[in-house]
Amino acid sequence: MIDLLNLGQGPRPDVLEREMKAEASTQLHGSTHSMKKRAKKVKNAAVSADDDTQPDKKDIAAMIFAMFQLVLPWIALFGGIFFIVVLLITRI
């Protein structure tokens, strides 16, 4: 059965391990050499996933935009309150 939640994602170690276990359960007399190669592939995928820890420029830009989306409403709210207070003080 196809797992639609993992569709379109790259080679993740947990997905590869799950597929390897599913293959092992369906093949009663599979070759041990291919299983060792598959286990080695899973191990290498886990190591390569750990190596990619540096954020790209796009990731940094996305984090900056996300922070603006969080902070900008607060700045606008305090700016509006300050404007109203100054307006009321100068009119009264």
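Let us look at the structure shown here.

Reading the values: the criteria
Residues numbered from 1 in each chain as written. Predicted model: local features only at pLDDT ≥ 70, side-chain atom pairs only at ≥ 80, totals over all residues. Heavy atoms only, no water. Helix = DSSP H or I, 4+ residues; strand = E, 2+ residues; numbered from the N terminus. Buried < 20%, exposed > 50% of the residue type's maximum accessible area, 1.4 Å probe, protein only. Areas by Shrake-Rupley, 256 points an atom, 1.4 Å probe, with all protein chains shown as cover. Expected span 1.5 Å × (residues − 1). Bend = angle between axes of the 7 residues up to and from the residue. Salt bridge = Lys/Arg side-chain N within 4 Å of Asp/Glu carboxyl O.

Quick notes on the overall build of the protein
Each helix and strand counted, the protein has three helices and zero strands in total. Reading the protein from its N end, one meets helices and strands in the order α-α-α. With 92 residues in all, the protein has 8% of them scored as buried. Taken as a whole, the protein presents about 8,600 Å² of accessible surface, with 68% of it coming from carbon and sulfur.

Looking at helix H3 (residues 57–91)
The end-to-end C-alpha separation of H3 is 49 Å, in line with the 51 Å expected for 35 residues at 1.5 Å each. Considering bend angle alone, the principal kink of H3 is centred on Val-71 and spans about 35°; proline Pro-73 follows within four residues of it.

Considerations on the pattern of salt bridges
Enumeration according to the criterion identifies one salt bridge in this entry. Note that Lys-21 and Glu-17 form a salt bridge whose closest N and O atoms lie 3.8 Å from each other. A residue pair is termed a helical-turn pair when its members lie 3 or 4 positions apart in one helix, as Lys-21 and Glu-17 do in helix H1 (residues 13–26) at four residues.

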